[in-house]
Amino acid sequence: MEPLNIQSEENNLTPKGSEGTKNPYKPTAAFVGASWLALITGAVAFCIGLWNADMALNEKGYYFTILLFGLFAVISVQKSVRDKAEGLAVTEIYYSLSWFATIASIVLLVVGLWNADLTLSEKGFYGISFVLSVFAAIAVQKNTRDAKLANEKTL
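Parameters at a glance
Residues numbered from 1 in each chain as written. Predicted model: local features only at pLDDT ≥ 70, side-chain atom pairs only at ≥ 80, totals over all residues. Heavy atoms only, no water. UniProt positions renumbered as here; feature names shortened; annotations may be inferred. Helix = DSSP H or I, 4+ residues; strand = E, 2+ residues; numbered from the N terminus. Salt bridge = Lys/Arg side-chain N within 4 Å of Asp/Glu carboxyl O. Buried < 20%, exposed > 50% of the residue type's maximum accessible area, 1.4 Å probe, protein only. Axes fitted to C-alpha atoms, helices over the stretch in contact; angles between N-to-C directions. Parallel < 35°, antiparallel > 145°, perpendicular 65-115°, else oblique. Left-handed = near helix turned anticlockwise from the far one by under 90°. Contact = heavy atoms within 4.5 Å. Nonpolar A, V, L, I, M, F, W, Y, C, P; charged D, E, K, R; others polar. pLDDT = per-residue confidence, 0-100. Phe/Tyr/Trp six-rings, centres within 6.5 Å; stacked < 30°, edge-to-face > 60°. Lys NZ or Arg CZ within 6 Å of the ring centre and 35° of its normal.

## Observations regarding the UniProt feature "transmembrane region" (unreviewed entry) in the protein
Part 1 of the argument: Per the UniProt annotation, the sites labelled "transmembrane region" (unreviewed entry) are residues 29-51, 63-81, 93-112 and 124-140.
Part 2 of the argument: Segment residues 93-112 splits into 100% helix and 0% strand. End C-alpha atoms: 27 Å apart.

So this is what it looks like as structure tokens:
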């Protein structure tokens, strides 16, 4: 049995010039759409929750900043992990800072919610919408990278 990453002329699924042949590297439209839908749903739900929350404006800003910080951090982690896996140069300081920022955003959200004067259902809502958003951001970044790789492989 031949390894998956070795493609010979007989088993090449994406020969140049072939129309209608599926590219195994390209993410499906359903996965791309589901990832974007999850990201938008999580982020918008989090923001609507903040908009309607009965808390001070500085608290709303704190939670909104954590959301933005978390989204950026997980995208950086995904990119640096993927770059390392593909043999691209990634400095250890950037790699470490990406992981630190991701963990810090999660810890800041947990500490903020733990100490917040909110009902448990509100705390759960913010936690779940945050987790949905950051997980979906990773999937969107992965899809973007895979689509770019698929386009490069077919050229």
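Having put the structure on the table, let's press on.
## Some words on the pattern of salt bridges
Part 1 of the argument: Going through the model one piece at a time under the given rule, you end up with seven salt bridges.
Part 2 of the argument: Its salt-bridge partner being Lys79, residue Asp83 comes within 2.6 Å of it at the nearest N-O pair. Of this pair, Asp83 and Lys79 both sit in helix H2 (residues 57-85), four residues apart, which is roughly one turn of the helix.
Part 3 of the argument: In this structure, the salt-bridge partner of Asp146 is Lys142, at a minimum N-O distance of 2.4 Å. Residue Asp146 and its partner Lys142 are both found in helix H4 (residues 120-154); the two are separated by four residues, about one turn of the helix.
Part 4 of the argument: Note on Asp146: relative accessible area 9%, which makes it buried.
Part 5 of the argument: Connected through shared salt-bridge partners, Lys79, Arg82, Asp83, Glu86, Lys142, Arg145 and Asp146 make up one network.

## With respect to the packing of helix H1 (residues 29-52) against H2
Part 1 of the argument: As a packed pair, H1 and H2 sit with axes 9 Å apart at the nearest point and diverge in direction by 165 degrees. In terms of axis orientation, H1 runs roughly antiparallel to H2. Along this stretch, H1 crosses H2, giving a crossing that reads as left-handed. Residues Leu39, Ala43, Phe46, Cys47, Leu50 and Trp51 of H1 form the contact with H2, whose own contacting residues are Lys60, Tyr63, Phe64, Leu67 and Leu71.
Part 2 of the argument: A breakdown of the residues in the contact of H1 with H2 according to their chemical character gives ten nonpolar, no polar and one charged.

## Considerations on the confidence of the model for the protein
Part 1 of the argument: For the protein, per-residue confidence averages 87 on the pLDDT scale, and 85% of positions sit at 70 or higher.
Part 2 of the argument: Mean pLDDT values for the elements of the protein range from 91 in H4 up to 96 in helix H3 (residues 92-115).
Part 3 of the argument: Predicted confidence is poor over residues 6-15, with pLDDT under 50, and the contacts of this stretch with residues over four places away or in other chains come to 14 contacts.

## So, the packing of aromatic side chains
Part 1 of the argument: Inspection of the entire model under this criterion finds four aromatic pairs.
Part 2 of the argument: Considering the side-chain rings of Tyr63 and Tyr126, the 6.0 Å spacing of their centres and the 5 degrees angle between planes classify their relative orientation as stacked. Placement of Tyr63 in helix H2 and of Tyr126 in helix H4 is noted, with a sequence separation of 63 residues between them. The same class applies to Tyr63 and to Tyr126, which are both buried.
Part 3 of the argument: Taking the centre distance of 5.4 Å and the plane angle of 70 degrees together, the rings of Phe125 and Tyr126 count as edge-to-face.
Part 4 of the argument: Ring pairs connect the aromatic residues Phe46, Tyr62, Tyr63, Phe125 and Tyr126, which therefore count as one cluster.
Part 5 of the argument: Just above the ring of Tyr95 sits the side chain of Lys84; from NZ or CZ to the centre is 3.9 Å.

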